[in-house]
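Per-entry structural report
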2 protein chains.
Amino acid sequence: MNIQKLIDKGLKLKSYPKDSVIYEPGMQPRYVYFIKSGEVRMVTVSDEGKEFIQGVFKTGQYFGEPALLTDRPYLAFTIASRDSQIISVNKEDFFKLIENEPNFSMELIRNLSNRLFYKSMMLEELASEKADHRLLTMINYLLTDIKAGENLRVTRQELADMTGLRVETVIRGMKLLAGKGLIKTVKGKIVKV
Amino acid sequence: MNIQKLIDKGLKLKSYPKDSVIYEPGMQPRYVYFIKSGEVRMVTVSDEGKEFIQGVFKTGQYFGEPALLTDRPYLAFTIASRDSQIISVNKEDFFKLIENEPNFSMELIRNLSNRLFYKSMMLEELASEKADHRLLTMINYLLTDIKAGENLRVTRQELADMTGLRVETVIRGMKLLAGKGLIKTVKGKIVKV
DNA sequence: ACTTATTTATGATCTAGGTCATGTTTGAGG
DNA sequence: CCTCAAACATGACCTAGATCATAAATAAGT
């Protein structure tokens, strides 16, 4: 989906400063959100306050459709991880996009399929595998996004929040994986070989 | 999607006896499967042999699209939970359905959204909540499908395989939940009040 | 109504990973 | 080049739930 097209259609752009909340659990969904610039994270928080990162969305991506389309209140917070500009598209306009925008519905189907794939993978990890395996799977998944030589700009706390582990476990796990040569780390940062 | 329509189009129906495997991990996806009758379960198996039920699909439903559309090898086994009749629709025909069948693409988008919603909920549970909470969430989710007075036809082992717990933990957990009045159980079966 | 297989149940351990406490290192802002 | 906050690190526990063993209760087939 081309963001500029949305702007041309006259849809309003809104700025969300870093750490501002776009929506929170319990709210009734009204929009699909297209990111013009910036980055957001989708986070669920347990009764005891433990955070879990359900997903991260970057410039050019959109989020919030599943809740809107299934008409169920949000389960998660969505929070700007840095200053972001976001276009809110209401239900009616979103349906128009699906109907009139060539290829958009197919693109959306592929996109949802991809997310489903990621979640299935993580479910299997969380349900069945132990800490180090989980961690390695997560790291390898994140590494697919970057080029060799670059390093993952992700903290241990973030890895913990994505894998359902605790920081200390991630720290010890990474040390072990690095020792076994399963990951390479330079100055604490994971680098793609 | 109307199954009869697919049969009218001349697509072939195949019978899968109980416990037969429709596809397994690593295979390259070629079809989307529509269930004319019966029921299948989608299961991932960890390195140590632990099974996790990713989902259950029943008469009238379809499965296998995400892997086909993202062109990635299957992660899971799909196994007939009872004698089933299934129509395999190849990629080309599936795309035709999306393009030509009115409402089908919208229905598919809603369907994928629903599955995503379920997986997000389970991810949060597996990542953050403890055994009894997980169990209760799963049971309540399954109860939404049935009428008051009916009981869940699900074994404790199946509940274990859906929540990532072990049978013993499910057994003890259910006893506790029943004691607290959070679930009602008659002759070992969970019944909807 | 038997016989056999599956499911449920319960007690006794064991352990991975959480929790807690207390540093040390790194890096951004003045 | 300092300062201060965030990120990383490590040791010492502790506990939820896994594991193991064994048996009772249902269900299913003949």
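Residues numbered from 1 in each chain as written. Chains lettered and ligands numbered in written order. Predicted model: local features only at pLDDT ≥ 70, side-chain atom pairs only at ≥ 80, totals over all residues. Heavy atoms only, no water.

What about the overall build of chain A?
Looking only at helices and strands, chain A features seven helices and eight strands. At 18 Å, chain A has a C-alpha radius of gyration in line with the 16 Å of a compact globule built from 193 residues. The C-alpha extent of chain A, read off along each of the three principal axes, is 55 × 40 × 30 Å. The burial tally for chain A puts 50% of its 193 residues in the buried class. Contacts in chain A between residues far apart in sequence, at least 24 positions, make up 72% of those at least 6 positions apart. (Helix = DSSP H or I, 4+ residues; strand = E, 2+ residues; numbered from the N terminus. Rg over C-alpha atoms; globule rule 2.2 N^0.38 Å. Buried < 20%, exposed > 50% of the residue type's maximum accessible area, 1.4 Å probe, protein only. Contact = heavy atoms within 4.5 Å.)

A short note on the UniProt feature "domain: Cyclic nucleotide-binding" (unreviewed entry) in chain A
Within the UniProt annotation, "domain: Cyclic nucleotide-binding" (unreviewed entry) is assigned to residues 11-115 of chain A. For residues 11-115 of chain A, helix accounts for 27% and strand for 44%, while the C-alpha atoms at its two ends are 26 Å apart. (UniProt positions renumbered as here; feature names shortened; annotations may be inferred.)

Some thoughts on the relation of the copies chain B and chain A
Placing chain B over chain A gives an RMSD of 0.0 Å and needs a rotation angle of 180°, together with 0.0 Å of translation along the axis. Taken together, the rotation angle and the small translation identify this as a two-fold axis. (Least-squares fit on C-alpha atoms with pLDDT ≥ 70 in both.)

Quick notes on the interface of chain B and chain A
Opposite the 41 residues of chain B that make contact, chain A presents 41 residues. Between chain B and chain A, a total of about 3,900 Å² is buried, with carbon and sulfur atoms accounting for 68% of that surface. Three residues stand out in chain B for area buried against chain A, namely B:Leu116, B:Phe117 and B:Leu123, and they jointly supply 18% of the buried area on that side. Counting across the chain B and chain A interface gives zero salt bridges. Residue assignment for the side of chain B that touches chain A shows that the elements contributing at least two residues are strand E3 (31-45), strand E4 (51-58), helix H2 (65-70), helix H3 (91-100) and helix H4 (104-128) of chain B. A total of 20 residues in the side of chain B that touches chain A trace back to one element, the largest contributor, which is H4(B). (Buried area = accessible area lost by both parts, 1.4 Å probe. Salt bridge = Lys/Arg side-chain N within 4 Å of Asp/Glu carboxyl O.)

Some points on the protein's contact with DNA strand C
Close contacts around DNA strand C come from 16 residues, with A:Ala131, A:Arg166, A:Thr169, B:Arg156 and B:Lys175 the closest. Here A:Arg166 contributes a side-chain N or O atom positioned 2.3 Å from a phosphate oxygen of DNA strand C. Within the side chain of B:Lys175, one N or O atom sits 2.7 Å away from a phosphate oxygen of DNA strand C. The dominant element in the surface near DNA strand C, judged by the number of residues it contributes, is helix H7 (residues 167-179) of chain B, at four residues. Partitioning the surface near DNA strand C into residue classes produces three nonpolar, three polar and 10 charged. (Near = heavy atom within 4 Å. Polar contact = N/O pair within 3.5 Å; in protein donor to acceptor, adjacent residues only side chain to side chain. Nonpolar A, V, L, I, M, F, W, Y, C, P; charged D, E, K, R; others polar.)

Describing the protein's contact with DNA strand D
Contacts to DNA strand D come from 15 residues, most closely from A:Arg156, A:Lys175, B:Ala131, B:Arg166 and B:Thr169. Here, DNA strand D places atoms within 4 Å of the protein, and 67% of those atoms are sugar or phosphate. Residue B:Glu168 places a side-chain N or O atom 3.3 Å away from a base nitrogen belonging to DNA strand D. Take B:Thr169: an N or O atom from its side chain is 2.3 Å from a phosphate oxygen of DNA strand D. Of all the elements, helix H7 (residues 167-179) of chain A adds the most residues to the surface near DNA strand D, at four residues. By residue class, the composition of the surface near DNA strand D is three nonpolar, three polar and nine charged.

Structural notes on the UniProt feature "domain: HTH crp-type" (unreviewed entry) in chain A
As recorded in UniProt, the feature "domain: HTH crp-type" (unreviewed entry) lies at residues 129-193 of chain A. Segment residues 129-193 of chain A splits into 52% helix and 9% strand. End C-alpha atoms: 25 Å apart.

Digging into the confidence of the model for chain A
Taken as a whole, chain A shows an average pLDDT of 94; of its residues, 99% reach a score of 70 or greater. The secondary-structure element of chain A with the lowest mean pLDDT is helix H1 (residues 3-8) of chain A, recorded at 77, while helix H6 (residues 156-163) of chain A shows the highest, at 98. (pLDDT = per-residue confidence, 0-100.)

Things to note about the packing of helix H5 (residues 131-143) of chain A against H6(A)
Residues and elements named next belong to chain A. Where H5 meets H6, the closest approach of the two axes is 10 Å, and the angle between their N-to-C directions is 110°. For the element pair H5 / H6, the angle class is roughly perpendicular. On H6, the residues that touch Arg134, Leu135, Met138, Ile139 and Leu142 of H5 are Leu159, Met162 and Thr163. Its residues placed into classes, the contact of H5 with H6 shows six nonpolar, one polar and one charged. (Axes fitted to C-alpha atoms, helices over the stretch in contact; angles between N-to-C directions. Parallel < 35°, antiparallel > 145°, perpendicular 65-115°, else oblique.)

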